[in-house]
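# Structural characterization, general
One letter stands for each residue in the lines below.
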Amino acid sequence: TGVCGAAMTKTAGCCQGCLHYVFDYETPKTLVIPSIRVGFVFRFTQFLVVLYVVGYVCVVQKAYQETDSVLSTVTTKVKGFAFTNTSDADPRFWDVADYVVPPQGGDSFFVLTNMVVTPQQTQSRCPELPNPSTSCVDDCDCIEGYSDPRGNGILTGLCENYSTTVKTCEVISWCPLEIDTKLPEHALLAAAENFTVLIKNSITYPKFNVHRRNILPHINSSYLKRCEFNRTTDPDCPIFRLKHIVSEAGEEFQDMAVKGGILGIIIDWSCDLDWWARKCNPQYSFRRLDNKNPANNVAPGFNFRFAKYYKTPDGEETRTLIKAYGIRFDVVVHGTAGKFGIVPTVVNLGAALTFLSLVPVVADWVMLTCMGKRDLYKKHKITHLNEVADTETVSDKLNVFTRDYQGLIFSIFPFSSRLFFCQTADKIHSF
Amino acid sequence: TGVCGAAMTKTAGCCQGCLHYVFDYETPKTLVIPSIRVGFVFRFTQFLVVLYVVGYVCVVQKAYQETDSVLSTVTTKVKGFAFTNTSDADPRFWDVADYVVPPQGGDSFFVLTNMVVTPQQTQSRCPELPNPSTSCVDDCDCIEGYSDPRGNGILTGLCENYSTTVKTCEVISWCPLEIDTKLPEHALLAAAENFTVLIKNSITYPKFNVHRRNILPHINSSYLKRCEFNRTTDPDCPIFRLKHIVSEAGEEFQDMAVKGGILGIIIDWSCDLDWWARKCNPQYSFRRLDNKNPANNVAPGFNFRFAKYYKTPDGEETRTLIKAYGIRFDVVVHGTAGKFGIVPTVVNLGAALTFLSLVPVVADWVMLTCMGKRDLYKKHKITHLNEVADTETVSDKLNVFTRDYQGLIFSIFPFSSRLFFCQTADKIHSF
Amino acid sequence: TGVCGAAMTKTAGCCQGCLHYVFDYETPKTLVIPSIRVGFVFRFTQFLVVLYVVGYVCVVQKAYQETDSVLSTVTTKVKGFAFTNTSDADPRFWDVADYVVPPQGGDSFFVLTNMVVTPQQTQSRCPELPNPSTSCVDDCDCIEGYSDPRGNGILTGLCENYSTTVKTCEVISWCPLEIDTKLPEHALLAAAENFTVLIKNSITYPKFNVHRRNILPHINSSYLKRCEFNRTTDPDCPIFRLKHIVSEAGEEFQDMAVKGGILGIIIDWSCDLDWWARKCNPQYSFRRLDNKNPANNVAPGFNFRFAKYYKTPDGEETRTLIKAYGIRFDVVVHGTAGKFGIVPTVVNLGAALTFLSLVPVVADWVMLTCMGKRDLYKKHKITHLNEVADTETVSDKLNVFTRDYQGLIFSIFPFSSRLFFCQTADKIHSF
């Protein structure tokens, strides 16, 4: 049992060593400097850092929040009709099914405002529109089968009379050819400015499982039936008059209607979902999205061609080609939701604390370079190890002034700036 | 050479001074406290921080990952046909080209389920639909050229017989006018619930150059030809029965088919692209996106008007106006991919290390306020500089307890809480 | 007044105590080690951290930037015409209104390249296409009212002659039925490869209020009228030849045109908005988005059905069904803009500083475990408190070597690695 006891003692000793190894607590020895000046520099710098963290990071930037991007669905429904009676075309009544393309009402809809109509086109042959590259004298000028990318069809090799004075090469194409230079100078459907559009938008922030609609909960059906969006009086009404949209974007509807354009209806769903803020309403804004500058543009405005196909009683296909000018409205939904999250909070708090831990560096620097009693402080704070004599000597040099970040501070504040900083510090104190 | 030698000696001295300046290493003097209690508080707090970092930040939140948002392309193809034979309309056979709008199969497609058809409309004149604002006694009640935004056309100024009992103002419009109150109570294309849709979705995470398809690599063509999505038995099949989609969204297809609605097919591509996780499969979910609540709504359900244009043998344009009710399916693809990134790792590790460097502050606080031997510890740890006498005195006050963060700790834990904390600490230790 | 004076004295004393409490500055006592080796380790580690922060975090990753995602609007306009003259169909001229679906030119447009046309369909009855499940011997094989999901209509219950040799069940459907196995082997509109598309893209970074267009400011209208995109010679021209797009995506236009496909036109708007960088131009790239692999696919290529509806003189509705094969071009705009932001800068700087504050831990570890004079250093740096005798003793054990992060360092570098590290350190120094 003696051996065993010795072993036990040994084990116990080892255990205790281990315990000491793990649980001995090592803490730095500190020196308290009873100087109001140094203390003030320390506290003031500390205050600045806390101010930045609380004021800027938390209040202004809300950096403690996790964020998510919006998912959105949009339904649009245009309402209105018009009657056109110009010299160019037959009188005609227009309703939604006539002027909205595509009809199904997604987040991008086009309202036709002007057009060049070429009715009764059939697959046949006709002389090209006259221009320098298509005019001809006789059939030799027209190469059969050739197709000019800027032309309207494939040459048949014949040279035909376009008018009594001009001869042009004949082409295979949908004839008669469209003459799109005859665009009405005043928009045909000028009345479109009074059409209205109902925009229904429902959004989701999937990370936070939040669903919202642009028809807010406090709005009732009867109000929705008669309201019209107005930034000051009806900011929550989802029904917009086209003219109003265009003028809020800083454009003139009648100007834009002639050659067309693209108008963005921008819905901003920036949300603060924290319970103490709970702010999540749509903000509407409007902006023209296409380029008006003619010098730096090609195919200005917005137009596209589409055709309605018919069959004549004898089975031949004819079509009415429409070059449609108008305004494409794009509903652009964007937004970011923020909600308190532990990870961003910890990261930002960590960064802030790091800066707090820089504060002593600044205070030490001020203490050891600017204070009148700096030599006294240095003597008590810094000990120099004399390796040869195995003794400690008090500090007698200026150059070692602080602990961790000296390399950094060093490169930021060269020593020549010492006077400036210390004088500034003095001023602050005497103040 | 004597001068030169002196200069060299001077230079050498300067150099050595410089070397010492740059390479002298300043390290804090420390005191080891052989107290298990203090050591335990220190280690335990350290353990909590490490636990948070490893457990929450790394495992739960994966904060070490860089993230990217998904780019997606969707193709949809509906299949199915139906035969309708109701008293309201002629018997008719319906296939995809008849009931899907638009036909090209993008990420939003509409399946027609109910409708009001107004055939044989022409540009002409007819009496308005009767309601209080359109009924008239004689021509004087109808102002020529006036158009009521809630009406259907421009008044001609005549008052005509709408029926044998009612007279209304005549309008220029597409006549006969649509009577959309005659909506069938049971959806016309009730059979649409058995239609299926094939959804092909290919995504990209551009930052990580990752491409994926919702048809997973292990799925072969023969399976794809006969499968149907089912959350439990066939979760990877990209073919969905419309009825199944609607019922998974918590709705009844036949109810929704009457007035229409919008249904979201949500594909979640949240991916963990790290090689030890490599998880990147689509998750399908379904949700109704429009508002069912009638009290807070306008134009409930989902419908739009479109027309098919015809020409009569004598060249007059006629159209069939269709007010189409149905379900718009929006394929909404979202997701975030995460992959190990050095910057977020360093930022989060940095924040964690900052909190680790707070641990001694806590341990110091406990040591200097709660421990029985706190005066002993204080005496050895903290030295007070007596500026007048140029001597150091040991600490004899309670109030200076720790180094860097005292201002912070201070504001968070007022001194009155000292007893509570220390008692708690005692309890933990005696436990 | 004596009492008052005593009170005042007391107040003043309390005040002074308070002042001392708040403004006394506590700073760690430090020891300067005049060892070039330890200093070198310290400075070198510091240098590595600074190098990482400046080089990787700032220059490579630009972690000092706030980011925002792009909002985009796209207009597309296809140009070109073609003449087809095959044995299968009548000669026909094709222009934009014929082959682009949908016509309005959004961010996804389809160019028809091949098709199966079924003209003159009417609502009527006809025998099914022959296959094992539709062939019949007599009427008993055909169940009236049954509809096979893989069939083309609802059975009438009759068994009719499909051809002179085959009898199939009769169905109610749009007749004649489409025979889509007769797809032309060479794309009908092979000439589509020479069509061009003008893409106008305007983007917004809402957070930074930055708007850009893909038609860059230095490009003038005359250049736009004649240019064509080419990665080397015309990288800024927004007009793309379809063949060029497809070949840049690594595909052959004529192969893709037969069965169709989806092609992504990817515009990358990654921007650096800081004034010293100011780089914000679109980068175009092209990629096939659908799956070519036939083993793991269903409905390969890209096609959809649409119909043109006609009315015969006697009022019967007929339609031309077109199964359209072609290439869908999806314009995918993505990008992230970065701009200097205070919060990310502070967070990353904070993380970096935390790592700088780890440097002394490393230096201490080297000093106390690898240096020859480690016992000397330890003796002067670390004091052991003897609680019983109330005296301090110098360190005489190896195991407590550093201050804050010992637990961490500990778990990362077990003690067995001491020799390796110290030897490495020695090598570095002797080098």
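Residues numbered from 1 in each chain as written. Chains lettered and ligands numbered in written order. Predicted model: local features only at pLDDT ≥ 70, side-chain atom pairs only at ≥ 80, totals over all residues. Heavy atoms only, no water.

Reading the Subunit (unreviewed entry) entry of the UniProt record for chain A gives the comment "Homotrimer and heterotrimer; functional P2XRs are organized as homomeric and heteromeric trimers. Homotrimer. Forms heterotrimer with P2RX1. Forms heterotrimer with P2RX6. Forms heterotrimer with P2RX3." (UniProt positions renumbered as here; feature names shortened; annotations may be inferred.)

What follows concerns the UniProt feature "transmembrane region" (unreviewed entry) in chain A. The UniProt feature table records "transmembrane region" (unreviewed entry) at residues 349-371 of chain A. This span, residues 349-371 of chain A, is 83% helix and 0% strand, and a straight line between its end C-alpha atoms measures 32 Å. (Helix = DSSP H or I, 4+ residues; strand = E, 2+ residues; numbered from the N terminus.)

What follows is about the interface of chain A and chain B. Every contact between the two is made by 90 residues of chain A and, on the other side, 94 residues of chain B. Along the contact surface separating chain A from chain B lie 4 salt bridges. In this structure, Lys308(A) and Glu317(B) form a salt bridge, with 3.3 Å as the shortest nitrogen-oxygen distance. Where chain A touches chain B, the interface holds 34 residue pairs in polar contact (both at pLDDT 80 or more). Of the residues assigned to the side of chain A that touches chain B, the class counts are 45 nonpolar, 26 polar and 19 charged. Here 3 bridges tie strand β2 (residues 30-33) of chain A to strand β20 (residues 382-386) of chain B, and the two strands are oriented parallel to one another. Looking across to β20(B), one finds that Thr30(A) is bridged to Ile382(B). (Contact = heavy atoms within 4.5 Å. Salt bridge = Lys/Arg side-chain N within 4 Å of Asp/Glu carboxyl O. Polar contact = N/O pair within 3.5 Å; in protein donor to acceptor, adjacent residues only side chain to side chain. Nonpolar A, V, L, I, M, F, W, Y, C, P; charged D, E, K, R; others polar. Pairing = 2+ DSSP bridges.)

The next thing to look at is the interface of chain B and chain C. How big an interface is tends to be stated in terms of accessible area lost as the parts join. Facing 89 residues of chain B, the contacting portion of chain C comprises 95 residues. Interface area lost by chain B to chain C is led by Phe23(B), Tyr25(B) and Gln104(B), which between them contribute 10%. At the boundary of chain B with chain C, the tally comes to 4 salt bridges. The salt bridge involving Asp95(B) is made with Arg319(C); its shortest N-O contact spans 2.6 Å. Tallying contributions element by element places helix α7 (residues 342-356) of chain B first for the side of chain B that touches chain C, with 9 residues. Partitioning the side of chain B that touches chain C into residue classes produces 44 nonpolar, 26 polar and 19 charged. Here strand β1 (residues 25-28) of chain B pairs with strand β2 (residues 30-33) of chain C via 4 bridges, running antiparallel. (Buried area = accessible area lost by both parts, 1.4 Å probe.)

Another point: the pattern of salt bridges. Residue and element names in this part refer to chain A. As enumerated under the stated definition, the model contains 57 salt bridges over all chains in all. Here Arg92 and Asp98 are joined by a salt bridge, their closest N and O atoms 3.7 Å apart. Of the two residues examined, Arg92 and Asp98, each falls in the buried class. One salt bridge connects Glu170 with Arg125, and the closest N-O pair in it is separated by 3.9 Å. Of the two residues, Glu170 is situated in strand β10 (residues 167-175) and Arg125 in strand β8 (residues 108-127); the sequence distance between them amounts to 45 residues. (Buried < 20%, exposed > 50% of the residue type's maximum accessible area, 1.4 Å probe, protein only.)

A few words now on the confidence of the model for chain A. Residue and element names in this part refer to chain A. Across chain A, the average pLDDT comes to 84, with 87% of residues at 70 or higher. Here residues 395-418 is modelled with pLDDT under 50, and outside its nearest four sequence neighbours on either side it reaches 57 contacts, counting other chains as well. Listed scores for the predicted complex are pTM 0.87 and ipTM 0.84. (pLDDT = per-residue confidence, 0-100.)

Moving on: the packing of aromatic side chains. When we look at a pair of aromatic rings, we describe it by the centre distance and by the angle of the planes. Counted by the stated rule, this structure contains 59 aromatic pairs over all chains. Measuring from centroid to centroid gives 5.5 Å for Phe81(B) and Phe93(B), while their planes differ by 35°, and the two rings are tilted. On the criterion of sequence distance, the pair formed by Phe81(B) in the loop between β4 (71-79) and β5 (82-84) and Phe93(B) in strand β6 (residues 92-94) is long-range, its members being 12 residues apart. We note that Phe81(B), like Phe93(B), is buried. Taking the centre distance of 6.2 Å and the plane angle of 65° together, the rings of Trp174(B) and Tyr309(B) count as edge-to-face. With Trp174(B) in strand β10 (residues 167-175) and Tyr309(B) in strand β17 (residues 303-311), the pair connects residues that are 135 residues apart, well separated along the chain. Summarising the burial analysis for this pair, Trp174(B) and Tyr309(B) share the class buried. Counting every residue linked through ring pairs, the aromatic cluster contains Tyr64(A), Trp275(A), Trp276(A) and Phe340(A). Residue placement shows Lys308(A) over the ring face of Tyr309(B); its charged tip is 3.8 Å from the ring centre. (Phe/Tyr/Trp six-rings, centres within 6.5 Å; stacked < 30°, edge-to-face > 60°. Lys NZ or Arg CZ within 6 Å of the ring centre and 35° of its normal.)

Turning our attention to the environment of Phe81(A). Given the relative accessible area of 15%, Phe81(A) is considered buried. Phe81(A) has contacts with Phe93(A), Trp94(A), Asp95(A), Tyr99(A), Phe195(A), Ser147(B), Asp148(B), Pro149(B), Gly151(B), Asn152(B), Gly153(B) and Ile154(B), leaving out every residue within four places of it along the chain.

All names here are of chain A. Helix length check: helix α2 (residues 36-60), at 25 residues, gives a terminal C-alpha distance of 33 Å against a target of 36 Å (1.5 Å per residue), a fit within 8%. The complete set of buried residues in α2 reads Val38, Gly39, Val41, Phe42, Arg43, Thr45, Gln46, Val49, Val53 and Val57. The positive-phi residue at the C-terminal boundary of α2 is Lys62, with phi of around 50°. (Expected span 1.5 Å × (residues − 1).)

As a further point, take the sheet that holds strand β3 (residues 65-69) of chain B. All names here are of chain B. Across the sheet, 3 strands lie side by side as β3-β19-β15; this open sheet has mixed pairing. Two strands lie at the open edges of the sheet, namely β3 and β15 (271-272), each paired on one side alone. Summarising the sheet, β15 and strand β19 (residues 336-340) pair through 2 bridges and their orientation is parallel. Bridge pairing in β19 places Asp272 opposite Gly338.

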